[in-house]
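# Residue-level structure breakdown
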Amino acid sequence: ISYALRLPPRVTAPLSEIIHIKTMGNIMFVIEFMKSLEKSNMLTYNLSERQWVWDTDIVPLQRISDSVAGLLMSKLLNLNKSVLDCLIMASCFGSQINMPIMELLDGLRGVTNIGTNLDIGVEEGILEKAGPLYMFSHNSLQRTVYEITPQNIRNQLHLDIGSTLISKSASAPQEVIEELFSVALSHINKSLPNGENGQSNEINLSPSQRGVFAKLNLKAGQKAISNSADFALAKFHLNAGMAFLPEQCWHDQYDLAFNLHIEYANVLLVQREYEELDTHCKVLLLKARCVEDQIKIHELLIAYLFRSGKFPEALEHVRSVLDTLGFPLPTTVDKDTVRAVLEALRNAASGFTPEQMRTFPLMTEEVPKQAMKIMGSVPILLTFSSPTFAAMIACQMTQLSIQHGLCAESAVAFGNLGFAINSVLQDFNCGYAMGNLGLAIFQRFKSNTLILKTYVPIFGFLKSWKEPLQSCSEGLCYAVHEGSLAGDRGSVFLAKAVLNRHLLVNGCKLSELRMKQESLCREMMYNKQEKKFGAFFYQSLGDLYTILSLIGEPDDLVASIFISREECEKALLEIYSSTKNTSVLQLFYYHRFIQSFAVRDFETALNYCEEYDKLGSGIISRITDVATVFFSGVIGFVLARKTKQDGMLDIGEHRRMQLQMWADHGSKWNAENKALLLQAEKYYTTGNLDQAKASYEASVKSAREHKFINEEALAYELYGIFRVETGHLENGKELLRKAQSLYAEWGAMKKASEVFPLM
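Our subject in this report is the structure included herewith. No experiment lies behind these values; they were computed from the predicted model shown. Throughout, residues of each chain are indexed from 1 in the direction in which the sequence is written. At least 70 in pLDDT is required for a residue's local features to be given in this predicted model, at least 80 for side-chain atom pairs to be given and counted, and no such filter applies to totals for whole chains, interfaces and linings, which use all residues. No hydrogens and no water enter the side-chain calculation; it runs on all heavy atoms of the structure.

For Phe, Tyr and Trp, where Trp contributes only its six-membered ring, two rings pair if their centres lie within 6.5 Å, and the inter-plane angle classes them as stacked under 30 degrees, edge-to-face over 60, or tilted in between. Summed over all chains, the structure comprises 26 aromatic pairs. Seen in terms of ring centroids, Tyr-719 and Phe-722 are 6.4 Å apart; in terms of plane orientation they differ by 25 degrees. Their pairing is stacked. Here Phe-722 and Tyr-719 lie together in helix α39 (residues 709-725), a separation of three residues that amounts to about one turn. Lys-674 extends its terminal NZ or CZ atom over the ring of Phe-708, reaching a point 4.3 Å from the ring centre. Secondary structure elements are taken from DSSP: a helix is a run of H or I of four residues or more, a strand is a run of E of two residues or more, and numbering for both begins at the N terminus. In this scheme, the term charge over a ring applies when either NZ of a lysine or CZ of an arginine sits within 6 Å of the ring centre and within 35 degrees of the ring normal.

Right, dumping it as structure tokens:
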């Protein structure tokens, strides 16, 4: 070593000792091991010192090659029996052993002096040591030691190790307690028979032992879900738990058996293993003893049917279960019926306050509680695909809550009731109030599995009437995070889509939003959501193409990942043709409206807006309505000046009044700058130039203060055009340059380039 590195022996002595231990002095092994040290940068030539350098604390951790390992394996047969027995037990832990845990096994199967024997393994080059950790110097060494023992005896050894660790947990160091239980359960689960080589490898366990091990796996599975949303690990533990269940478990340990199976079904739903879930739930229904347990299974079946795109079957399943419970839904649901029921409920619920909801009597009767769970399992997507049916379910849930008391699903009921009141009755104050009742109920129960179904209608559609759009986006973002951890993936996609549409209106940086939207589309493709729900994926892809239009980015990359813009639009139109779902066509027109407005193709944009309004209410009840009302108001005034078309001034004025009402009676933060800009456009159109100038400046100031950079840019653009067209050329150009700068800061490079010709 000294000669090879051109260094004195006293300098290389520590390294030589390590290499000798690793290679037993075999010259071929020495050469190969030194090559591996250089390749992994553990042995490097230092140019400034002009010599080879290494770290003697790190070099021992370098793994030896297969050929060296083969030589070391021959030494195993010559080891003292006590050392070999200790190594066999250590091999059951895998490639790494934590000494404070291993020491607890002292005396098991006659293995003693564990620390001393492991140190002998280190001296022999079989193990390596780093602090309290021991590691086999090569994976093949660990496997060889492990396989010395026959399979059936290994299974029993794993069981003995796991049981001993649990029994001695009280004497374990505090810092390893959590790891100890995880390691112990891992050993217990490895004792399960796997039928290798045609052998059953069955371990004899008493029913009580099986029950204990099944319960430990249930807790581990639940912990994997609640702490880290690790559903793969949860599935492993729940599978093991079910395997440990004694033969008579459904008679003697029903609760344990049912809880394991229902948790396993939940994991199957999250992981989209629908075929196995369907079979599993149908078998489980035959085992369920009570209505409450049957409802839990029905909830999963309904969720699976909805998520797999089987809407008619899902709705029929909902109706069937509610009929059985004695709370049937109307066979036909029309708009007039929904309106009448909503008006009655508005009168019944309008006197409630959030404070009352925090102390309102709880639902105690079992049957209404189960009916609420079934109706609460209906996804929020139904609000858009079947709005009248969704509204009727919200009404029925609210009626049950008022008559029988509150439960966790009551939060969903009041949130969706508020959305229906907004959409159908156009009573925004009442809708907002219902949303606050829903939030108060949610805070009372804190059921995160329902957070998305509660928060999306409230923060996505109700809160914006009174509260800043940015804070609504924060509420949606929080719900997406918590809902993801709770495993509600079916609702997460819709929540993300609503959140991203909020962010577009809010003026979120388009580069960031583009990444979020592409990520959402990728998630949905991975989830095969586009084949299941169809319209939902294509709508989200349409959102992405709209963002690309604002940025000015070519479609090529996105089209290569998904499908082209034209194919996306064609798919949406085909879905509308077959389903008559107006929300599908409405968003199609919204995308085209935004894209046309951005390039100042105002007449085309207005045509799309008219089609959009025909399919909706023409009011501001959704986030997309904010843009259509605001921008169509701008178009009305611009075309009134440019083309003198009849009715254009009326369109602008109608939209201005809508926004002014929102500013006066709803949210000044959200609407003031928009109403001021339309007021400025009105003054300009009617020849009141001084008032127009003051209103433009007020709109710019309001948009800046309320953090709508996109609308501040638009205000500067229209203000600049006004100044240029009224003879103030230099000032107008200065304002247009400011608009261009803000558009660029927002990320709308295409829009920024459209401003340049105006200067």
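Right, picking up where we left off after that structure.
So, about the pattern of salt bridges. For this document, the term salt bridge refers to a Lys or Arg side-chain nitrogen within 4 Å of an Asp or Glu carboxyl oxygen. Evaluated as defined, the whole model comprises 31 salt bridges. Between Asp-85 and Lys-81 there is a salt bridge, with the nearest N and O atoms lying 2.7 Å from each other. One end of the pair, Asp-85, and the other, Lys-81, are both in helix α5 (residues 81-91), four residues apart, so they sit about a helical turn from each other. When accessible area is computed with a 1.4 Å probe and restricted to protein chains, residues below 20% of their type maximum are described as buried, those above 50% as exposed, and intermediate ones as partly exposed. Under the relative-accessibility criterion, Lys-81 is labelled exposed at 60%. In this structure, Glu-518 and Arg-514 form a salt bridge, with 2.4 Å as the shortest nitrogen-oxygen distance. Here Arg-514 and Glu-518 lie together in helix α28 (residues 510-526), a separation of four residues that amounts to about one turn. Arg-514 carries the same exposure label as Glu-518, and that label is buried. A single salt-bridge network, built from bridges that share partners, covers Arg-514, Glu-518, Arg-522 and Glu-553.

This part is about the sheet that holds strand β5 (residues 133-136). Remark on secondary structure: sheet strands pair via backbone hydrogen bonds, oriented parallel or antiparallel. Taken in spatial order, the three strands make up an open sheet running β3-β5-β4, and their pairing is antiparallel. Each end of this open sheet is capped by a strand with a single partner; those strands are β3 (96-98) and β4 (127-130). Within the sheet, the average angular offset between the axes of one strand and its neighbour, ignoring direction, is 25 degrees. Strand pairing is defined by DSSP finding a minimum of two bridges between the two strands. Axis lines are fitted to C-alpha atoms, over the contacting stretch for helices. Their N-to-C directions set the angle, which ranges from 0 to 180 degrees.

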